[in-house]
Amino acid sequence: LQDPRLTIALASNESVGRCANVHDVMICQGQILSRYPFLAQHPIVKMIDLYDPSPIGFLETNTVGDLNVQMETHHSLVRDHYDYLRAGDVFLCASERQWDFWAGMLMAVGRINPAVYAGNKMLRNLLVIAPYGVPASPPAHRRKVLKGVWPGINTDDVVVLWGGGLWEWFDPIAAVEAMNIIQRKRSDIKLFFMGVKRPNAAVTTSRTAMETIKRAEELGLANCCVFFNDWAAYEDRANFLLEADLGLNIHRHNLETRFSFRTRMMDYIWAGLPIITTEGDPLSDLVKQNRLGMTVPCGNIELLAEAIVQAADAPD
């Protein structure tokens, strides 16, 4: 990352300590306080970004192995968050729904009390809603990446884009099953997964990604009407968004969905891409209220297939 307005430094105990000593405010996610615990007692104002409620998301990923180990890992993560919530001065979250969740957590750790409440009864100086946004400038198409370029995707095909990773709280297999229904009737609709391998090589690919690829291969859809890309660079994502015809957001009915704030959905909105999404999260409510696309119930593959075909046939 390079920007003339920023000074980039390699993080270490020494460099983080030096920065804290000469600055007034630090903005970070809570894990930074775990890596550099001396910051918890440092007088610098600590603004903690809680847009990703990781204890909830971890319930979806921490499901393999001995239950006792799962429980201990979960409780360790929750204890870490107790520490973040005690140490922080100001907290950021992404939506009104997240605000309710984190207000409960702050109450549990003693941060909401008569002294705090007397100063601001809605606590907006303690817990601030700061949604993930979109770039100020519109996306620009700089090179062809899909139509007429990717093997198997023709120039006049309708491309349905899965604009992000395949994590455990999503339901990409439902999207593949919907394509299995669609391909029996027409061959011009293609599903493209923009990234299935985590860019951090130290973290293994998700089970969901491997299961989705396996299912597409079993149905004979892989590299025919369902395509998997390793990963798209952040600065390259506009090319994929602008060549796609529909943006897809399919998740399971779970707690993570309820409190999520899908950054891929913000990318779809940024690119003016019509959205097909399952119901249950705040941004899907936004899609429905503002007619940014169509919503379908979680787990209903037939309705998902119908929605994709309907949108493909009515581009306006």
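Residues numbered from 1 in each chain as written. Predicted model: local features only at pLDDT ≥ 70, side-chain atom pairs only at ≥ 80, totals over all residues. Heavy atoms only, no water.

### Thoughts on the layout of surface pockets
A volume near 1300 Å³ is recorded for the largest pocket. Tyr51, Asp52, Trp167, Trp169 and Thr263 are, among the 40 residues lining the largest pocket, the residues nearest its centre. Those elements giving two or more residues to the lining of the largest pocket turn out to be α3 (54-61), α4 (67-87), α10 (255-259) and α11 (263-270). Of the residues forming the lining of the largest pocket, the biggest block, 4 residues, is contributed by α3. Split into classes, the residues belonging to the lining of the largest pocket amount to 19 nonpolar, 13 polar and 8 charged. (1 Å grid on protein atoms, 1.4 Å probe; cavity = no way out; pocket = protein on both sides within 12 Å on 5 of 7 lines; lining within 4 Å. Points joined across faces, edges and corners; volume = space filled by probe spheres on them. Helix = DSSP H or I, 4+ residues; strand = E, 2+ residues; numbered from the N terminus. Nonpolar A, V, L, I, M, F, W, Y, C, P; charged D, E, K, R; others polar.)

### Looking at the packing of aromatic side chains
Counting across every chain of the model gives 10 aromatic pairs. The interplanar angle of 20° and the centroid separation of 5.7 Å between the aromatic rings of Phe192 and Phe240 together place this pair among those described as stacked. Placement of Phe192 in strand β6 (residues 189-193) and of Phe240 in helix α9 (residues 237-243) is noted, with a sequence separation of 48 residues between them. You'll find Phe192 and Phe240 in the same group, each marked buried. Taken together through their ring pairs, the aromatic side chains of Trp162, Phe170, Phe193 and Phe228 make up a single cluster. (Phe/Tyr/Trp six-rings, centres within 6.5 Å; stacked < 30°, edge-to-face > 60°. Buried < 20%, exposed > 50% of the residue type's maximum accessible area, 1.4 Å probe, protein only.)

### Here's the deal with α11
Given 3.6 residues to a turn, an α-helix orients residues that are three or four positions apart in the same direction. Burial of α11 is extensive: 6 of the 8 residues sit out of reach of the surface. Every buried residue belonging to α11 is among Arg264, Met265, Met266, Asp267, Tyr268 and Trp270, and all of these are buried. Its buried side turned inward, α11 meets β5 (158-162), α9, β8 (246-249), β9 (275-278) and α12 (282-290). (Contact = heavy atoms within 4.5 Å.)

### Quick notes on the pattern of salt bridges
Pairs may arise between side chains of opposite charge once their charged atoms sit close together. Under the definition given, this model contains 16 salt bridges. Here Arg97 makes a salt bridge to Asp285, at a shortest N to O gap of 3.3 Å. Taken together, the residues span a long stretch of sequence, with Arg97 in helix α5 (residues 96-108) and Asp285 in helix α12 at a distance of 188 residues. The class for Asp285 is partly exposed, based on a relative accessible area of 30%. The partner of Arg215 in a salt bridge is Glu177, and the shortest N-O contact between them spans 2.7 Å. Of this pair, Arg215 sits in helix α8 (residues 207-218) while Glu177 is found in helix α7 (residues 172-182), placing the two residues 38 residues apart along the sequence. (Salt bridge = Lys/Arg side-chain N within 4 Å of Asp/Glu carboxyl O.)

### Things to note about the sheet that holds β6
In any sheet, the strands associate via hydrogen bonds between backbone groups, in a parallel or an antiparallel arrangement. Sheet architecture is open: 6 strands sit in the order β7-β6-β5-β8-β9-β10, paired in parallel fashion. Taken across any chain shown, the strands that pair with only one partner, and hence form the sheet edges, are β7 (226-228) and β10 (293-296). Neighbour-to-neighbour, the strand axes of this sheet turn through a mean angle of 20°, independent of strand direction. In the sheet, β8 pairs with β9 via 3 bridges, with the strands oriented parallel. Residue Asn249 lies in a different strand from β9, and its bridge partner there is Thr277. (Pairing = 2+ DSSP bridges. Axes fitted to C-alpha atoms, helices over the stretch in contact; angles between N-to-C directions.)

### Re unusual backbone geometry
Unusually for a residue other than glycine, Asn223 sits at a positive phi of about 60°. Tracing the backbone shows Asn223 in the loop between α8 and β7. Even without being glycine, Arg291 reaches a positive phi, approximately 55°. Here Arg291 lies in the loop between α12 and β10. On the basis of relative accessibility, which here comes to 77%, the residue Arg291 falls in the exposed class.

### What to know about the sheet that holds strand β3 (residues 90-93)
Read from one edge of the open sheet, 4 strands run β1-β2-β3-β4, paired in parallel fashion. Because the sheet does not close on itself, it has two edges, and the strands there are β1 (25-29) and β4 (127-129). The average undirected angle you get between the axes of adjacent strands in this sheet is 25°. Here 3 bridges tie strand β2 (residues 45-49) to β3, and the two strands are oriented parallel to one another. Its bridge partner being in β3, Asp49 is matched across the sheet by Leu92. Across the sheet, α5 lies against β3 and β4, angled at about 170° from β4, the strand it touches most.

### Focus: empty space enclosed by the protein
All told, the structure shown has 1 cavity of 30 Å³ or more when counted by the stated rule. Along its surface, the largest cavity is lined by Ala174, Ile250, Thr278, Val296, Pro297, Gly299, Asn300, Ile301 and Leu304. Within the lining of the largest cavity, the residues separate by chemical class into 6 nonpolar, 3 polar and no charged.

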